Each structure stands twice: as C-alpha cells, then as structure tokens.
Amino acid sequence: MIQRIDVSKRFSEVAVHNGVAYLAGQVPTDASQDAYHQTQQVLSEIDKFLAKAGTDKSKILMATVYLANMGDYAEMNRAWDEWVAENNAPPRAAVEARLADANWKVEIVVTAAV
C-alpha cells in the first residue's frame with residue numbers, strides 16, 4: 001500500500017511505501033531571503049512533512065541538496081549543521097542545478113525510514 005500526503009493535481013509532498021517516506025523537493029517559503037535563511041525554511045518544511053509521515057530527521061536515509069549556485073555551499077552547510085540530528089547525519093549529495101524559480105537558492109529532497 002502507498003500512502004500519499006498533501007496530494008495536488010501535479011504531485012504529492014510525501015509518498016510512504018514499505019516503511020520509507022519519500023519527500024518531494026522542498027523549496028523556500030520566502031525566496032527573498034539569503035541562502036542561509038532559505039535553507040532554514042527548507043529544513044523546516046522537511047521537518048513538517050516528516051512529521052506528517054510519522055517520522056523525523058533522525059531517520060533520514062538520504063538527502064540530495066540542489067543549489068542554484070555552489071557559492072552558497074558554506075551558508076547552506078551552516079544551516080544544515082545547525083539542524084541535522086546529532087550522530088545521525090545521513091548520506092548526502094550536493095549539486096549545482098538551475099532551479100524552477102530563479103529566486104530559489106536551494107531545494108532539498110530526502111527519504112526517511114518511518
């Protein structure tokens with residue numbers, strides 16, 4: 001069975017299957033902020049959707065970080081390091097990519113055990 005959370009016509013924010021929660025790419029809620037604050041917003045959204053799936057950041061299996069500019073890597077990492085679950089940092093990739101909104105500096109995708 002697949003459970004879908006916050007389903008729109010185009011996509012679901014979360015799909016849960018066989019004990020794994022797959023989150024859609026999370027993006028900033030206020031794109032006027034700098035990379036550090038946008039990353040904080042994205043991580044807050046991740047927390048919200050992990051909770052809706054019945055899990056939390058300590059159970060993240062994998063994260064992929066998309067940055068519009070790798071020059072923002074240090075500021076993204078500053079927010080990430082403040083947020084990530086102690087002794088439970090997941091495997092992670094960070095790549096530069098053109099994001100769907102030119103004002104977004106970061107988008108993050110995670111999967112987590114439920």
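Residues numbered from 1 in each chain as written. Predicted model: local features only at pLDDT ≥ 70, side-chain atom pairs only at ≥ 80, totals over all residues. Heavy atoms only, no water.

J.: Tell me about the environment of Ala94, and please be specific about residues and values.
T.: In this structure, Ala94 sits in strand S5 (residues 92–96). Judged by its relative accessible area of 25%, Ala94 is partly exposed. Separated by 27 residues in the primary sequence, Ala94 and Leu67 place their C-alpha atoms 7.2 Å from one another. The contact partners of Ala94, leaving out residues within four places of it in the chain, are Val65, Met70 and Tyr73. (Helix = DSSP H or I, 4+ residues; strand = E, 2+ residues; numbered from the N terminus. Buried < 20%, exposed > 50% of the residue type's maximum accessible area, 1.4 Å probe, protein only. Contact = heavy atoms within 4.5 Å.)

J.: Summarise helix H1 (residues 35–52); cite the residues concerned and give the values.
T.: If you check H1, its first and last C-alpha atoms are 26 Å apart, about what 18 residues at 1.5 Å a residue would give, namely 26 Å. Every buried residue of H1 is listed here: Ala35, Tyr36, Gln38, Thr39, Gln41, Val42, Leu43, Glu45, Ile46, Phe49 and Leu50. Tucked inside the fold, the buried residues of H1 contact strand S1 (2–7), strand S2 (12–17), strand S3 (20–23), strand S4 (60–67), helix H2 (73–83) and strand S6 (106–113). At the exit of H1 stands Gly54, carrying a positive phi of roughly 85 degrees. (Expected span 1.5 Å × (residues − 1).)

J.: Explain the nonpolar core to me, and be specific about the residues and the numbers.
T.: Membership of the largest hydrophobic core comes to 25 residues, with the highest contact counts inside it found for Val14, Leu23, Ile46, Ile108 and Val110. Taken together, the elements giving at least two residues each to this core come down to S2, S3, H1, S4, H2 and S6. Among all residues touching Val14, those that are not within four sequence positions of it are Gln3, Arg4, Ile5, Ala21, Tyr22, Leu23, Phe49 and Ala53. (Core = buried A, V, L, I, M, F, W, Y, C linked by side-chain atoms within 4.5 Å.)

J.: Can you break down the pairing of S4 residue by residue, with the values?
T.: Note: S4 against S6, seven bridges, orientation antiparallel. Across the sheet, the residue bridging to Thr64 is Val109, located in S6. Across five bridges, S4 lies against S5 in parallel orientation. Its bridge partner lying in S5, Tyr66 is registered against Val95. At this point the chain moves from S4, through H2, to the parallel S5, and the crossover so formed is right-handed. (Pairing = 2+ DSSP bridges. Right-handed = clockwise from strand over helix to strand, strands pointing away.)

J.: How would you sum up the pattern of salt bridges? Please name residues and give values.
T.: Pairing between side chains of opposite charge can happen when the charged atoms of each approach one another. Under the definition given, this model contains three salt bridges. Between Asp6 and Lys52 there is a salt bridge; the shortest N-O distance is 2.9 Å. You can see Asp6 sitting in strand S1 and its partner Lys52 sitting in helix H1, a full 46 residues away along the chain. You can call Asp6 partly exposed: its relative accessible area is 37%. (Salt bridge = Lys/Arg side-chain N within 4 Å of Asp/Glu carboxyl O.)

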